[in-house]
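# Examining the three-dimensional arrangement
Below, each chain spelled out in residue letters.
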Amino acid sequence: QVQLVESGGGLVQPGGSLRLSCAASGTDFRILTMGWYRQPPGKQRESVAGININGSTNYADSVKGRFTISRDNTNNWVYLQMSSLKPEDTAVYYCNARLKRLISQAVYDYWGQGTQVTVSS
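Below is a short write-up of the structure. Not measured: the values here are computed from a predicted model.

On to the overall build of the chain. Looking only at helices and strands, the chain has zero helices and eleven strands in total. For a compact globule of 121 residues, the expected C-alpha radius of gyration is about 14 Å, and the chain comes in at 14 Å, within 12% of that figure. Projecting the C-alpha coordinates of the chain onto the three principal axes gives extents of approximately 50 × 25 × 25 Å. Across the 121 residues that make up the chain, the buried fraction comes to 40%. Considering only residue pairs separated by 6 or more positions, the chain has 56% of its internal contacts joining residues 24 or more positions apart. Accessible surface, the chain as shown: approximately 6400 Å² in total, 46% of it carbon and sulfur. Both charge centroids of the chain, one from 12 positive and one from 8 negative side chains, sit 3 Å from each other.

This part is about the packing of aromatic side chains. Here the structure, examined in full by the defined rule, presents three aromatic pairs. Summarising the aromatic geometry, the rings of Trp77 and Tyr79 are spaced 5.9 Å apart at their centres and angled 10° between planes, so their arrangement reads as stacked. Taking the centre distance of 6.4 Å and the plane angle of 65° together, the rings of Tyr108 and Tyr110 count as edge-to-face. Geometry around Tyr79 places Arg19 over its ring, the cationic atom sitting 4.1 Å from the centre.

Here the focus is the environment of Glu46. With respect to the helices and strands, the residue Glu46 is situated in strand S5 (residues 46-52). Considered as a pair, Glu46 and Ala60 are 14 residues apart in the sequence and their alpha carbons are 8.7 Å apart. Residues in contact with Glu46, not counting those within four places in the same chain, are Tyr37, Arg38 and Pro40. Within the structure, Glu46 has its side chain in polar contact with the side chain of Arg38 (distance 2.7 Å).

Cut-offs and rules
- Residues numbered from 1 in each chain as written.
- Predicted model: local features only at pLDDT ≥ 70, side-chain atom pairs only at ≥ 80, totals over all residues.
- Heavy atoms only, no water.
- Helix = DSSP H or I, 4+ residues; strand = E, 2+ residues; numbered from the N terminus.
- Rg over C-alpha atoms; globule rule 2.2 N^0.38 Å.
- Buried < 20%, exposed > 50% of the residue type's maximum accessible area, 1.4 Å probe, protein only.
- Contact = heavy atoms within 4.5 Å.
- Areas by Shrake-Rupley, 256 points an atom, 1.4 Å probe, with all protein chains shown as cover.
- Lys, Arg positive; Asp, Glu negative; His and termini not counted.
- Charge placed at Lys NZ, Arg CZ, Asp CG, Glu CD.
- Phe/Tyr/Trp six-rings, centres within 6.5 Å; stacked < 30°, edge-to-face > 60°.
- Lys NZ or Arg CZ within 6 Å of the ring centre and 35° of its normal.
- Polar contact = N/O pair within 3.5 Å; in protein donor to acceptor, adjacent residues only side chain to side chain.

The structure is reproduced here in structure tokens:
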């Protein structure tokens, strides 16, 4: 069984910063990619940032230059440093991991439970 547990959400003023963390735990897997998605109120879930095992990253245009994704491959953590936050960044943020089971070689997507980020004065 694989679990993703997120932390770090909260209320922040416009222009402020937050750091989200996500830890993947379990056995018998190798993580291929990790990423962050978000779902604003009344909207569909969208990709925010991703990082693969080699450290290559990608970002949504709306967060480029403001958000930074990083990962700790040894401990299976992924982080999202968010700066210059705007009210439109308000959303539930979800951690995602695409991983391969070592025995079956099957590839699965796992999701965290979500953490609320609210940007408001």
